[in-house]
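Residue-level structure breakdown
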Amino acid sequence: MTKFDEIKESISPELSRLNEIISSSLNSNSDLLNEIVATYLKTKGKQIRPIIVILSAKFFSNINEETLHAAASIELLHNASLIHDDVVDETKKRRGNPTINSVWDNHIAVLVGDFFVSNALSCAIAAGDMRVISTVSKLGKELSTGELDQIDIAKHHSITEDNYYHIIGKKTASLFRSCVQVGGYTAKAPQQDIDNLARFVELLGLCFQIKDDIFDYFSDAEVGKPTGNDLREGKVTLPLIYALSKKESPLHEEMKSIVMQDVLTNAEIERLIEFAKNEGGIEYAYSSMERLKDEACKLISHYPDSDAKKAFINLFDFIIKRHN
């Protein structure tokens, strides 16, 4: 049993109730919609984000029904963004299974994503705190602008580490931060404590995305995407950014000219991946995650030891060491 499995086991009744709320909220009078939702929920993923909501409430106080509705709201909005992303990126598989747009079509997938957004707001209202509704609303804006910023940066080939962190901060870390905020609000926690833990999981979110990006440099069917997929979509991630920053490399100019192209061949993608590996890009990405983890752990070191605190630290270790 992994550390993540242990965390899930410790809150299994709450996770069961969470999934009841999600299933109930997504029920409709449309047979087609119910069929699509039922198929989609069979592969719901790890549910790291709602788990963070639940652990946050536990860290501050107690988990209640409002916490679980807030967690459902975040999870529904997250899944809506994935459904829409699959349309934009023309993704055929996610988590090893066919996407909604590949089984049905883009039109239906967009409508299903919109349905998820609407239900995310309904669950936020059920949480009974205007701050939860406000957080979910702001999160939707952050995810949208993050996607647009990523497209703009890719279009102009603005390849810098600062830009990379800007994008993953808006597209991934913002979700993690929002999880702590809504968990803290439903637990009636002090704002300063919410802010501290929110920064902790914001750094956790950055690590989550860095590790996800590392997967793209290796072939692994479990991950659910082909090697080099980010580069095909114009996304230059941390390992390659680091490699390109080493101007003393004899291949620097050649690799830079390749990455500046709008369309890359499979051979060019393979060369960029090998270049990133050979120049220490993967090692740099791992050292960056360890640095972020050290910074994060200092933020909660003064809080009393508890199961929730231990779970957060274990979650950090799991994120860095996970294989899919």
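This section reports on the structure supplied with the text. Please read all numbers here as calculations on a predicted model, not as lab measurements.

Cut-offs and rules
- Residues numbered from 1 in each chain as written.
- Predicted model: local features only at pLDDT ≥ 70, side-chain atom pairs only at ≥ 80, totals over all residues.
- Heavy atoms only, no water.
- Helix = DSSP H or I, 4+ residues; strand = E, 2+ residues; numbered from the N terminus.
- Buried < 20%, exposed > 50% of the residue type's maximum accessible area, 1.4 Å probe, protein only.
- Lys, Arg positive; Asp, Glu negative; His and termini not counted.
- Charge placed at Lys NZ, Arg CZ, Asp CG, Glu CD.
- Salt bridge = Lys/Arg side-chain N within 4 Å of Asp/Glu carboxyl O.
- Core = buried A, V, L, I, M, F, W, Y, C linked by side-chain atoms within 4.5 Å.
- Contact = heavy atoms within 4.5 Å.
- Axes fitted to C-alpha atoms, helices over the stretch in contact; angles between N-to-C directions.
- Parallel < 35°, antiparallel > 145°, perpendicular 65-115°, else oblique.
- Left-handed = near helix turned anticlockwise from the far one by under 90°.
- Nonpolar A, V, L, I, M, F, W, Y, C, P; charged D, E, K, R; others polar.
- 1 Å grid on protein atoms, 1.4 Å probe; cavity = no way out; pocket = protein on both sides within 12 Å on 5 of 7 lines; lining within 4 Å.
- Points joined across faces, edges and corners; volume = space filled by probe spheres on them.
- Expected span 1.5 Å × (residues − 1).
- Polar contact = N/O pair within 3.5 Å; in protein donor to acceptor, adjacent residues only side chain to side chain.
- Phe/Tyr/Trp six-rings, centres within 6.5 Å; stacked < 30°, edge-to-face > 60°.
- Lys NZ or Arg CZ within 6 Å of the ring centre and 35° of its normal.

1. Describing the overall build of the protein
Tallying secondary structure elements over the protein gives 16 helices and two strands in all. Its C-alpha atoms give the protein principal-axis dimensions of roughly 60 × 50 × 35 Å. Taking all 324 residues of the protein together, 51% fall into the buried category. Positive and negative charge centroids in the protein, built from 37 and 48 side chains respectively, lie 2 Å apart.

2. Let's talk about the pattern of salt bridges
Enumeration over the complete set of coordinates arrives at 18 salt bridges. Between Asp 317 and Lys 3 there is a salt bridge, with its nearest N and O atoms 3.4 Å apart. Here Lys 3 lies in helix 1 (residues 3-10) and Asp 317 lies in helix 16 (residues 307-321), a separation of 314 residues in the sequence. Its relative accessible area of 35% is what places Lys 3 among the partly exposed residues. With its nearest N and O atoms 3.3 Å apart, the salt bridge here joins Arg 199 to Glu 295.

3. Here we look at the nonpolar core
Among the nonpolar cores identified, the biggest contains 101 residues, and Ile 52, Phe 116, Ile 210 and Leu 240 are the most heavily contacted of them. The greatest single-element share of this core, amounting to 12 residues, is contributed by helix 10 (residues 191-215). Phe 116 has contacts with Leu 26, Val 37, Tyr 40, Leu 76, Asn 79, Ala 80 and Ile 83, leaving out every residue within four places of it along the chain.

4. Description of the packing of helix 10 against helix 16
In contact at an axis separation of 8 Å, helix 10 and helix 16 are set at 15 degrees when each is read in the N-to-C sense. Classed by the angle they form, the pair helix 10 and helix 16 counts as roughly parallel. By crossing handedness, the relation of helix 10 to helix 16 is classed as left-handed. Note on element contacts: helix 16 touches helix 10 through Phe 312, Ile 313, Leu 315, Phe 316, Ile 319, Ile 320 and Lys 321, opposite Leu 197, Phe 200, Val 201, Leu 203, Leu 204, Cys 207, Phe 208 and Lys 211. Taken together, the residues of the contact of helix 10 with helix 16 break down into 13 nonpolar, no polar and two charged.

5. So, empty space enclosed by the protein
Applying the stated rule across the entire model yields one cavity of 30 Å³ or more. Split by residue class, the lining of the largest cavity holds three nonpolar, two polar and two charged.

6. Things to note about the environment of Met 260
Tracing the chain through its elements places Met 260 in the loop between helix 13 (252-259) and helix 14 (266-278). Residues Met 260 and Asn 34, 226 residues apart in the sequence, show an inter-C-alpha distance of 44 Å. Aside from chain neighbours lying at most four places away, what touches Met 260 is His 157 and Ile 159.

7. Considerations on helix 5 (residues 65-88)
A rise of 1.5 Å per residue sets the reference length of helix 5, with its 24 residues, at 34 Å; its end C-alpha atoms lie 35 Å apart and thus fit the reference within 8%. The buried fraction of helix 5 is high, at 19 of 24 residues. You can read the cap of helix 5 off the contacts: a side-chain oxygen lies 3.1 Å from the backbone nitrogen of Glu 66, and it is on Asn 64. One or two residues past the end of helix 5 sits Glu 90, with phi positive at roughly 55 degrees.

8. Examining the packing of aromatic side chains
Each pair of aromatic rings is reported with the distance of its centres and the angle of its planes. Applying the stated criterion to the full structure yields 10 aromatic pairs. Arranged with centres 5.4 Å apart and planes meeting at 85 degrees, the rings of Phe 200 and Phe 316 form a pair that is edge-to-face. Here Phe 316 lies in helix 16 and Phe 200 lies in helix 10, a separation of 116 residues in the sequence. In this structure, Phe 200 and Phe 316 share a single accessibility class: buried. Seen from the ring of Phe 208, Arg 49 lies directly overhead, with NZ or CZ sitting 5.2 Å from the centre.

9. Some words on the side chain of Asp 85
Note that Asp 85 resides in helix 5. Salt bridges are absent for the buried Asp 85, whose nearest opposite-charge side chain, Lys 171, sits at 4.6 Å.

10. Brief notes about unusual backbone geometry
In this model, Gln 47 sits at a positive phi of 60 degrees, which is unusual for a non-glycine residue. Looking at where Gln 47 falls in the secondary structure, it is placed in the loop between helix 3 (31-41) and helix 4 (48-60). Using a relative accessible area of 9% as the deciding quantity, one classes Gln 47 as buried. A positive phi is found at Lys 188, a non-glycine position, where the angle reads about 60 degrees.

11. Here we look at the environment of Leu 143
As for its position among the elements, Leu 143 is in helix 8 (residues 130-155). The class for Leu 143 is buried, based on a relative accessible area of 13%. It is 7.8 Å that separates the C-alpha atoms of Leu 143 and Ser 174, two residues lying 31 residues apart in sequence. If we ignore the near neighbours within four places in the chain, the residues touching Leu 143 are Ser 81, Lys 170, Lys 171, Ser 174 and Leu 175.

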